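Read off the chains here:
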Amino acid sequence: MQLSNYRKETSERSDADNWAKHCLISDTKFFFEGIEGCNQNTQNQTTHLFERAHVDIDFDGEKNKQDVLSSIIELETKNALQRKINFASAFGLSLSYVLYNDQSGSVFILEFRNIEDVEIVKSFNSYEGFGQYLAMIKGWKSTKRFREYNDLPQIDKTLRKYGTPWPTNIDCFCCDRKGQPIAIIEYQNAKAIGVHKHSNNDYFLCKQKSITKTKRGSKIIYHDDIRRWTSQEILRVQSGLPLVVITWSQGESHFQLKEVEKITFPDFEMDNPVDRGRIFQYKEDLHRFSSDPTEADFQVICNRKSLSFSKENNSVVEVKHLPLLTRKEKTFPHIYWKRKAVVSNSREILASLFLDWFG
C-alpha cells in the first residue's frame, strides 16, 4: 500500500478578515500556528492533538514509512511540524496525524514522537469506524444537529452524519524563534456589538437570552459560553501556557488584549441526576446579575456553588467551591484577567504591545 498526493483540508471557515491575526504574523518575531483538532474527554483532559491530510492510496503499492514522513514534512514544512510537535509536548502528548481517503474510507492515525520518529498506531476501514473511535476517546456522542456547508470535506460531512464530528480546532498558538510554544491565542470577533462594548463575561454569565416557541408554549433559553471557555481553561491549565484573548472587529481599529489569570465556572452539579429546574434557576440568576447587577443579585450568586480547574500529578482536576463565593478568592463565577489593555484607533500598536507582554 502506497500513499501519495498529500493535501490539506479543513472544516474551519476562513479568517481572512482577521486583521489582528495578520498584524501579529507580519509585525512580530514570533511564529503562529494552529492545530486542526483537539480532543478533550469527560474527565477534563486533552487526550489528542490532531493534524490531518487527505491522501490517495494505491493498495498494490509498496509501503514505505520514510516516504510517509517525507511527504508530511513537505506538506507542513519541517519547522512548522516541529512547532506542532513541541506544542503537543506541552500537554504531555505526541502529535497525532490523521491520513484519510474518501474513495476507500480508509483512515490511518500516526503519532509523531519526534520529527524523525512516526508510527501508525490506529487504522480504520471506514469513516464511521473512525468516528466511533473519536466518540470513544471523547467519552460521549453528539445528538445535536450540525449546520451543513456544501464545501465541507467529505470526511467532515460523514462524521457529522454519525454524530461523531471532527474535534474542534485550536485556532492559534504562538512560538518563539526556537519553535517553543509561549502562548495560546483566542480571537474574539466583536462585529455584532463593537470592540468597546464587548465583554467576555457578559456572554460567559448568560446575559443573552432568547424566547423560542415549542409545542408546549414559549421557552426561555439563556445563552452562555461556558462549554467553550471550559475547553480553553483546560488547555491553559494542562499546558501551563498563557491564554491570551484578542478582541477585534473588521470595521474597527480598536482592540482588546487580555491574558487569563483564572476562570471560575458556575457549578451546575452535572455529576448529580440532572435537575433542569435547578440549572435553569442558576442561569436565570446569572442573567439577572449580568444584565443589571445589584448587591442582592450578587449575594444570590455568592450563595451558590462554583468550580475551577487545577493541575495535580499531570492531570487536570476539578476544584469545588462552596458558599460563600467571593471575588477576592476568585471563587465567584467569572473570567479573571491577569492583565488587560483596551486600545482605540491603533491597529499598529497590537504587535508592539504583544511583544512587550511576551517578548
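Here's a quick rundown of the structure. (Residues numbered from 1 in each chain as written. Predicted model: local features only at pLDDT ≥ 70, side-chain atom pairs only at ≥ 80, totals over all residues. Heavy atoms only, no water.)

## Description of the overall build of the protein chain
Here is the rule we go by: Secondary structure is summarised from DSSP: a helix means a run of H or I of at least four residues, a strand means a run of E of at least two, and numbering begins at the N terminus for each. Both definitions apply: the radius of gyration is a C-alpha atom measure, and the globule rule equals 2.2 Å times residues to the power 0.38. Relative accessibility thresholds used throughout: buried, under 20% of the residue-type maximum; exposed, over 50%; partly exposed, between the two (1.4 Å probe, protein chains only). Residues count as neighbours in contact if any of their non-hydrogen atoms are within 4.5 Å of one another. Using a 1.4 Å probe, the Shrake-Rupley method yields the accessible areas, and only the shown protein chains count as cover for residues. The charged-residue count follows a simple rule in which Lys and Arg add positive charge and Asp and Glu add negative charge, with His and chain termini not counted at all. For the purpose of locating charges, the reference atoms are NZ of Lys, CZ of Arg, CG of Asp and CD of Glu.
Assigned secondary structure in the protein chain consists of ten helices and 16 strands. Over its C-alpha trace the protein chain gives a radius of gyration of 22 Å, about what one expects of a compact globule, namely 21 Å for 359 residues. Taking the principal axes of the C-alpha coordinates as reference, the protein chain spans close to 70 × 50 × 45 Å. When the 359 residues of the protein chain are sorted by exposure, 51% land in the buried category. In the protein chain, 67% of the contacts between residues at least 6 apart in sequence involve partners at least 24 apart. Counting every atom, the protein chain has about 18100 Å² of accessible surface; 46% of that belongs to carbon and sulfur. Considering the protein chain, the positive charge centre built from 51 side chains and the negative charge centre built from 48 side chains are found 6 Å apart.

## Quick notes on the packing of helix α4 (residues 127-138) against helix α5 (residues 154-161)
Definition in use: Orientation is described by axes fitted as lines to C-alpha atoms, over the contacting stretch for helices, and by angles from 0 to 180 degrees between their N-to-C directions. Working rule for handedness: look at the near helix, and if it is turned counterclockwise from the far one by less than a right angle, call the crossing left-handed; if clockwise, right-handed. Polar here means any residue other than Ala, Val, Leu, Ile, Met, Phe, Trp, Tyr, Cys and Pro, which are nonpolar, and Asp, Glu, Lys and Arg, which are charged; Gly is therefore polar.
Two elements in contact, α4 and α5, have axes whose closest approach is 9 Å; the angle formed by their N-to-C orientations is 60 degrees. In this structure, α4 crosses over α5, and the sense of that crossing is right-handed. Packed against α4, whose contacting residues are Tyr127, Phe130, Gly131 and Leu134, the element α5 presents Gln154, Ile155, Thr158 and Leu159 at the interface. Here the residues of the contact of α4 with α5 are counted per class, giving five nonpolar, three polar and no charged.

## Topic: helix α8 (residues 276-291)
Condition: Every helix has an expected span of 1.5 Å times one less than the residues it contains.
Here α8 spans 22 Å end to end across 16 residues, near enough to the 22 Å set by a 1.5 Å rise per residue. Residues of α8 that are buried: Ile279, Tyr282, Lys283, Asp285, Leu286, His287, Phe289 and Ser290. The inward-facing, buried residues of α8 abut α6 (200-204), β10 (208-214), β11 (217-223), β13 (255-266) and α9 (295-302).

## Notes on the pairing of strand β12 (residues 243-248)
Rules: We call two strands paired when DSSP finds no fewer than two bridges between them.
In terms of residue burial, β12 counts as a mostly covered element, since six of its six residues are buried. Taken together, the six bridges between strand β9 (residues 181-189) and β12 define a ladder with parallel strand orientation. The partner of Gln188 across the bridge, within β12, is Thr247. Across four bridges, the pairing between β12 and β13 is antiparallel.

## Here we look at helix α2 (residues 65-76)
Three- or four-residue spacings in an α-helix give side chains the same orientation, since the helix completes a turn every 3.6 residues. Operational definition: Each direction from the helix axis to a C-beta atom contributes to the arc, which is the arc of those directions. Within 3.5 Å is the distance limit for a polar contact, defined as a pair of N or O atoms, with the added protein rule that one can donate a hydrogen and the other accept it, and that residues adjacent in sequence qualify only through two side-chain atoms.
Between its terminal C-alpha atoms α2 stretches 17 Å, which fits the 16 Å expected from twelve residues at 1.5 Å a residue. For α2, the full list of buried residues reads Val68, Leu69, Ser71, Ile72 and Glu76. An end-on view of α2 places all buried positions within 165 degrees of arc, on one side of the element. Close packing links the buried residues of α2 with β1 (2-7), β4 (46-58), α3 (78-89), β5 (95-100), β6 (107-114) and β7 (117-124). The N-capping residue of α2, defined by a side-chain oxygen 2.9 Å from the backbone nitrogen of Gln66, is Asn64. The positive-phi residue at the C-terminal boundary of α2 is Thr77, with phi of around 80 degrees.

## Re the environment of Lys141
Assignment of secondary structure puts Lys141 in the loop between α4 and α5. Counting along the chain gives 22 residues from Lys141 to Gly163, while the straight-line C-alpha distance between them is 6.1 Å. Sequence-distant contacts of Lys141, defined by excluding residues within four places in its chain, comprise Tyr162, Gly163 and Thr164.

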